[in-house]
Amino acid sequence: MRDIPRTTDELAHDRTYMAWGRSVMALERTLMAWIRTSLSMIGFGFAIFKFIQIMLHQGRPVGAERELVLCFRLLGLGLLIIAIIQFQKAMTKIRQFSGQKPQFSLSLVGAIGVLTAGLITALNLFFGFGGF
């Protein structure tokens with residue numbers, strides 16, 4: 001059997017559709033990289049907290065140590081908030097240009113989960129909620 005050659009319009013449509021998919025995947029990868037960076041910053045704040053606890057043999061860091069830990073946590077949360085906003089704006093722009101609705105974003109759900117957990121830890125540092 002012989003394949004029927006495709007028209008240039010069909011080929012252009014397929015290439016455009018594939019480019020749209022690659023753009024969405026690139027946005028997802030970028031958001032996941034920001035999640036990783038934010039988690040590193042928040043985790044580094046925890047590591048500093050524990051290190052200072054061990055070095056000072058105290059229950060909670062005070063003064064400048066506490067502010068340094070809070071700075072890393074808030075930096076990680078701020079980066080994640082900016083990344084989520086950037087992701088949403090870029091996805092809106094892709095929706096406008098392509099007319100297609102991207103699939104459900106699992107990386108966005110992960111980013112919101114990390115943001116929620118980070119906010120809980122920041123509130124814990126401020127107000128002493130929980131057993132952290």
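Cut-offs applied
- Residues numbered from 1 in each chain as written.
- Predicted model: local features only at pLDDT ≥ 70, side-chain atom pairs only at ≥ 80, totals over all residues.
- Heavy atoms only, no water.
- Phe/Tyr/Trp six-rings, centres within 6.5 Å; stacked < 30°, edge-to-face > 60°.
- Helix = DSSP H or I, 4+ residues; strand = E, 2+ residues; numbered from the N terminus.
- Buried < 20%, exposed > 50% of the residue type's maximum accessible area, 1.4 Å probe, protein only.
- Contact = heavy atoms within 4.5 Å.
- Core = buried A, V, L, I, M, F, W, Y, C linked by side-chain atoms within 4.5 Å.

Undergrad: How should I be thinking about the packing of aromatic side chains in this particular structure?
TA: Ring pairs (aromatic) are described by centroid distance and by the angle formed between their planes. Tallying each qualifying case throughout the model produces 1 aromatic pair. Between F44 and F72 the ring centres are 4.9 Å apart and the planes differ by 85 degrees, which places this aromatic pair in the edge-to-face class. With a gap of 28 residues between them, F44 in helix α1 (residues 8–56) and F72 in helix α2 (residues 64–98) connect regions that are remote in the sequence. Residue classification places F44 among the partly exposed positions, given a relative accessible area of 43%. We classify F72 as buried; its relative accessible area is 18%.

Undergrad: Before we go on, may I ask you to explain the environment of V114 in this structure?
TA: Turning to its location among the elements, V114 is positioned in helix α3 (residues 106–127). Classification of V114 by relative accessible area gives buried; the value is 15%. Sequence separation between V114 and L80 is 34 residues; the distance between their C-alpha atoms is 8.5 Å. Filtering out sequence-adjacent residues up to four positions away, V114 remains in contact with I35, L39 and L80.

Undergrad: When you look at the nonpolar core in this model, what are you seeing that I'm missing?
TA: Taken as a class, soluble globular proteins show a tendency for nonpolar side chains to be buried jointly. The biggest cluster of nonpolar side chains holds 18 residues, and the ones touching the most others in it are L31, I35, L80, I84, F87 and A111. Looking at this core, the elements that each hand over two or more residues are α1, α2 and α3. Here this core gets 7 residues from one element, more than from any other, and that element is α2. If sequence neighbours within four positions are ignored, F87 has contacts with L27, E28, L31, S105 and L108. Counting 8 residues, the second-largest nonpolar core is a separate cluster that includes M41, I48, F49 and I52.

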